[in-house]
There are 2 protein chains.
Amino acid sequence: MSKLLLATRNEGKLAELRRILAAGGVEGLEVLGLADVAEFEEIAETGATFEENALLKARAAAEATGLPSVADDSGLVVDALNGMPGVLSARWSGRHGDDEANLELLLAQLADVPQERRGAGFVCAAALVVPGGGETVVHGDWGGEIAWEPRGTNGFGYDPIFLPEGETRTSAELGSAEKDAVSHRGLALRELLPYLHELA
Amino acid sequence: MSKLLLATRNEGKLAELRRILAAGGVEGLEVLGLADVAEFEEIAETGATFEENALLKARAAAEATGLPSVADDSGLVVDALNGMPGVLSARWSGRHGDDEANLELLLAQLADVPQERRGAGFVCAAALVVPGGGETVVHGDWGGEIAWEPRGTNGFGYDPIFLPEGETRTSAELGSAEKDAVSHRGLALRELLPYLHELA
């Protein structure tokens, strides 16, 4: 069975990619995470754009393992913050990966920002790097607005405070399949399906 | 002696305006702060721009007191944060006016941002509202970059981490007169001098 490395330690992201591959009819491709391969020096996400970070991570993973590697960089872009937290989404509070601190800070920063100026979007760039093959970068956007308080327990990151367009539920209140169908990462990963079919 | 209200409780800002008036040859104008006038309901700084906030504050002060009133709204715009903290500078950490928390958060957010992407500027909009007279809004910009750690004790806000262009000292290491000559608020307030001369 061919192997595909998803350059993440996030089990939620691994499950998501496996669901999307299955739903997309890609069989015969085993999805590994970083925990399944020999350790290598991971790249700091210091790029100025999602694309740059995704590509840096996928290249580092492909080079270190020799496996076709996918990496994503995703984040929340908030209109009232001129598109930030953006590439700094995961460390907005200064503590990398502290989801609760990040979203609490964001809510506090937007405390006086009225509903009509709370527009926001989740953005994903996903890169596929095939050793000896090509590099592909795809995108996905998911529009909505920032809620006034966290709700829901599915998902991670800013999901509990993101209200997708046309929804009364936050993205942490959507079911996994429901979310895959419309989310920024779901859209981006499905863009990769034609390339992943070739690897299977 | 004619009176001018500066809509602030910040003694540093009052001293700064008095220095600038004196240096600009404006005599016979007594500068009062909010602590010197009867209390009135102050306006929350909810505007989307510095101009909007300055004007809202100056109008509210002039209306409540009948005095010619100046208000400023100032902040730090950081390139790597797409121009934020901007109008949210004073409450970037979620705690309004907590200078140390604000600048520590900013440094943490920029921890991986290299020198060449640490460009920033202080921006000031100052509004003068004269009851029965006109409204004037002026601007000042001060370019520079974000330092790697705080230095200096003059000034307030983000002064300890702002390196003005061409300087090795932070703006909290400059003397007051030196700072007035080049700072965003100094520039903006000097733009107001011709209008303030008329009031004296």
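Rules used throughout
- Residues numbered from 1 in each chain as written.
- Chains lettered and ligands numbered in written order.
- Predicted model: local features only at pLDDT ≥ 70, side-chain atom pairs only at ≥ 80, totals over all residues.
- Heavy atoms only, no water.
- Axes fitted to C-alpha atoms, helices over the stretch in contact; angles between N-to-C directions.
- Helix = DSSP H or I, 4+ residues; strand = E, 2+ residues; numbered from the N terminus.
- Parallel < 35°, antiparallel > 145°, perpendicular 65-115°, else oblique.
- Left-handed = near helix turned anticlockwise from the far one by under 90°.
- Contact = heavy atoms within 4.5 Å.
- Nonpolar A, V, L, I, M, F, W, Y, C, P; charged D, E, K, R; others polar.
- UniProt positions renumbered as here; feature names shortened; annotations may be inferred.
- Polar contact = N/O pair within 3.5 Å; in protein donor to acceptor, adjacent residues only side chain to side chain.
- Pairing = 2+ DSSP bridges.
- Buried < 20%, exposed > 50% of the residue type's maximum accessible area, 1.4 Å probe, protein only.
- Core = buried A, V, L, I, M, F, W, Y, C linked by side-chain atoms within 4.5 Å.
- Salt bridge = Lys/Arg side-chain N within 4 Å of Asp/Glu carboxyl O.
- pLDDT = per-residue confidence, 0-100.
- Phe/Tyr/Trp six-rings, centres within 6.5 Å; stacked < 30°, edge-to-face > 60°.
- Lys NZ or Arg CZ within 6 Å of the ring centre and 35° of its normal.
- Expected span 1.5 Å × (residues − 1).
- Arc of directions from axis to C-beta.
- Least-squares fit on C-alpha atoms with pLDDT ≥ 70 in both.
- Buried area = accessible area lost by both parts, 1.4 Å probe.

### Details of the packing of helix α1 (residues 11-23) of chain B against helix α5 (residues 184-199) of chain B
Residue and element names in this part refer to chain B.
Phase 1: Running from N to C, α1 and α5 point in directions that differ by 55 degrees, and their axes come no closer than 10 Å. Classed by the angle they form, the pair α1 and α5 counts as oblique. Crossing of α1 over α5 shows right-handed handedness. Along its contact with α1, which presents Lys13, Glu16, Leu17, Ile20 and Leu21, the element α5 presents Arg185, Gly186, Leu189, Arg190, Leu193 and Leu196.
Phase 2: Residue composition of the contact of α1 with α5, grouped by class: 6 nonpolar, 1 polar and 4 charged.

### Quick notes on the UniProt feature "active site" (unreviewed entry) in chain A
Residue and element names in this part refer to chain A.
Phase 1: Residues given the UniProt feature "active site" (unreviewed entry) here are Asp73.
Phase 2: Setting aside residues no more than four positions away along its own chain, aspartate 73 makes contact with Glu45, Thr49, Phe50, Asn53, Ala54, Lys57, Val87, Val123, Cys124 and Ala125.
Phase 3: At 3.0 Å, the side chain of aspartate 73 and the side chain of asparagine 53 are in polar contact.

### Re the sheet that holds strand β4 (residues 119-129) of chain B
All names here are of chain B.
Phase 1: Pairing is mixed across the open sheet formed by 6 strands, whose spatial order is β2-β1-β3-β4-β5-β6. Strands at the two margins of the open sheet, each flanked by one partner only, are β2 (29-32) and β6 (162-164). Ignoring which end each strand starts from, the neighbouring axes of this sheet average 35 degrees apart.
Phase 2: On the sheet, α5 packs against β1 (2-6), β2, β3 (69-78), β4 and β5 (135-146) and is oriented at approximately 160 degrees with respect to β5.

### As for the sheet that holds strand β3 (residues 69-78) of chain A
Two modes of strand pairing occur in sheets, parallel and antiparallel, and in both the strands are linked by backbone hydrogen bonds.
Residue and element names in this part refer to chain A.
Phase 1: If you walk across this open sheet you meet the 6 strands as β2-β1-β3-β4-β5-β6, and the pairing is mixed. The open sheet has two free edges, formed respectively by β2 (29-32) and β6 (162-164), since each of these has just one partner strand. Averaged over neighbouring strand pairs, the angle between their axes works out to 35 degrees when direction is ignored.
Phase 2: One ladder, built from 2 bridges, connects strand β1 (residues 2-6) with β3; its direction is parallel. Across the sheet, residue leucine 5 finds its bridge partner in β3, namely serine 69.
Phase 3: Taken strand by strand, helix α1 (residues 11-23) contacts β1, β2 and β3, and its axis lies near 165 degrees from that of β2.

### Quick word on the environment of Gly12(B)
All names here are of chain B.
Phase 1: The topology assignment puts glycine 12 in helix α1.
Phase 2: Residue class for glycine 12 comes out partly exposed when judged on its relative accessible area of 36%.
Phase 3: Each C-alpha atom of the pair glycine 12 and glycine 47 lies 24 Å from the other, and the pair is 35 residues apart in sequence.

### A look at the nonpolar core
Phase 1: Leu81(A), Trp92(A), Leu81(B) and Trp92(B) are the most contacted members of the largest nonpolar core, which totals 80 residues.
Phase 2: Those residues in contact with Trp92(B) that lie beyond four places of it in its chain are Leu81(A), Trp92(A), Leu105(A), Gln109(A), Leu81(B), Met84(B), Pro85(B), Asn102(B), Leu105(B), Leu106(B), Gln109(B) and Tyr158(B).

### Some details on the pattern of salt bridges
Phase 1: Using the criterion set out here, one finds 22 salt bridges over all chains in the structure.
Phase 2: Across the salt bridge formed by Arg91(B) and Asp112(A), the nearest N and O atoms sit 2.8 Å from each other. Pair noted here: Arg91(B) is in the loop between β3 and α3 (99-109) and Asp112(A) is in the loop between α3 (99-109) and β4 (119-129), and the two residues belong to different chains.
Phase 3: Asp112(A) gets classed as partly exposed once you look at its relative accessible area, which sits at 37%.

### What about the environment of Val137(A)?
All names here are of chain A.
Phase 1: Mapping valine 137 onto the fold places it in strand β5 (residues 135-146).
Phase 2: Judged by relative accessible area, valine 137 falls into the partly exposed class, the value being 31%.
Phase 3: For valine 137 and glycine 24, which are 113 residues apart along the polypeptide, the C-alpha to C-alpha distance reads 19 Å.
Phase 4: Aside from chain neighbours lying at most four places away, what touches valine 137 is Glu51, Leu55, Ala126 and Ala127.

### Comments concerning the confidence of the model for chain A
Phase 1: Averaged over all residues, the pLDDT of chain A equals 94, while 100% of them reach at least 70.
Phase 2: Complex prediction metrics read pTM 0.87 and ipTM 0.81.

### A look at the packing of aromatic side chains
Aromatic ring pairs are defined here through the distance separating the ring centres and the angle between the ring planes.
Residues and elements named next belong to chain A.
Phase 1: Enumeration according to the criterion identifies 7 aromatic pairs over all chains in this entry.
Phase 2: Three or more aromatic residues link up through ring pairs in this structure, and these residues are Phe122, Trp142 and Phe162.
Phase 3: Cation over ring: arginine 118 sits above tryptophan 148, and NZ or CZ is 3.5 Å from the ring centre.

### Section: α1(A)
Residues and elements named next belong to chain A.
Phase 1: Over its 13 residues, α1 extends 18 Å from the first C-alpha to the last, a length consistent with the 18 Å expected when each residue adds 1.5 Å.
Phase 2: Of all the residues in α1, the buried ones are Lys13, Leu14, Glu16, Leu17, Ile20 and Leu21. For α1, the buried positions fall inside an angular range of 160 degrees around the axis, keeping them on one side. Away from its buried face, by an angle of more than 90 degrees, α1 presents the exposed residues Glu11, Ala22 and Ala23.
Phase 3: Residue glycine 25 follows α1 closely and has a positive phi angle near 75 degrees.

### A few points about the relation of the copies chain A and chain B
Phase 1: In the superposition of chain A on chain B (RMSD 0.0 Å, axial shift 0.0 Å), the rotation amounts to 180 degrees. In symmetry terms, the pair is related by a two-fold rotation axis. If distances are taken from each C-alpha of chain A to the rotation axis, the shortest is found for Asn82(A), at 2.9 Å.
Phase 2: Both copies present the same face, since 100% of the interface residues in chain A are matched by interface residues at the equivalent positions in chain B.

### Details of the interface of chain A and chain B
Phase 1: Facing 18 residues of chain A, the contacting portion of chain B comprises 18 residues.
Phase 2: Of the roughly 1,600 Å² buried between chain A and chain B on both sides combined, carbon and sulfur atoms contribute 57%.
Phase 3: Of all residues in chain A, Asn82(A), Gln109(A) and Asp112(A) give up the largest surface area on contact with chain B, accounting jointly for 28% of the area buried on that side.
Phase 4: Linking chain A with chain B are 2 salt bridges.
Phase 5: The interface formed by chain A and chain B contains 7 residue pairs in polar contact (both at pLDDT 80 or more).
Phase 6: Grouping the amino acids of the side of chain A that touches chain B by side-chain chemistry returns 8 nonpolar, 7 polar and 3 charged.

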